[in-house]
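Breakdown of the fold
One-letter residues, chain by chain:
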Amino acid sequence: MALILAPAALVARTDSGGLQEEATVVGVPCLTARLNTERPVTVTEGTNRLVASSRDAILPAAKQILAGGHRPNRRRSEMLCTLSSGWQSGTRRRR
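Owing to the predicted nature of the structure, the values given are computational and were not obtained by experimental measurement. (Residues numbered from 1 in each chain as written. Predicted model: local features only at pLDDT ≥ 70, side-chain atom pairs only at ≥ 80, totals over all residues. Heavy atoms only, no water.)

Moving on: the environment of Asp 15. Along the polypeptide, Asp 15 turns up in the loop between strand E1 (12–14) and helix H2 (17–26). Sequence separation between Asp 15 and Leu 35 is 20 residues, and the spatial gap between their C-alpha atoms is 9.8 Å. Ignoring any residue separated from it by four or fewer positions in sequence, one finds Asp 15 in contact with Thr 32, Ala 33 and Arg 34. (Helix = DSSP H or I, 4+ residues; strand = E, 2+ residues; numbered from the N terminus. Contact = heavy atoms within 4.5 Å.)

Pasting the structure below:
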């Protein structure tokens, strides 16, 4: 369901690890309301930002993204290769 809705989104907010990767795949900036993540590649690639789960933290971060503050570090195709290589090498937990 998220992959259907996410491409139309301007920004995603989640506390789910799966949605962090899905937002990266479809190129939607993501705010993750957690202090850590099991998907650190989404943060280092610039598609995901960790924020506290308070309104005071989430709203300014979302406004920054909406104002054009979203700058992924690499092109989407390179990000997909990085994400998929984690699955192939077994460094990501499979469900």
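A few words on H2. Taking burial as the measure, the ten residues of H2 include seven buried ones, the bulk of the element. Looking only at H2, the buried set comprises Gly 17, Leu 19, Gln 20, Glu 21, Ala 23, Thr 24 and Val 26. Regarding H2, its N-cap is Ser 16, as a side-chain oxygen of that residue lies 3.3 Å from the backbone nitrogen of Gly 18 further along. Gly 27 lies just past H2 and shows a positive phi near 80°. (Buried < 20%, exposed > 50% of the residue type's maximum accessible area, 1.4 Å probe, protein only. Polar contact = N/O pair within 3.5 Å; in protein donor to acceptor, adjacent residues only side chain to side chain.)

Here we take up the pattern of salt bridges. Inspection of every chain in the model, using the stated rule, returns three salt bridges. Ionic pairing is found between Arg 34 and Glu 38, a salt bridge with its closest N-O pair at 3.2 Å. Look at Arg 34 and you get partly exposed, because its relative accessible area is 24%. With a relative accessible area of 40%, Glu 38 lands in the partly exposed category. A salt bridge links Glu 38 to Arg 39; its shortest N-O distance comes to 2.7 Å. For Arg 39, a relative accessible area of 8% puts it in the buried group. (Salt bridge = Lys/Arg side-chain N within 4 Å of Asp/Glu carboxyl O.)

Note that every value here comes from positions in space, so none of it alone points to a role or purpose.
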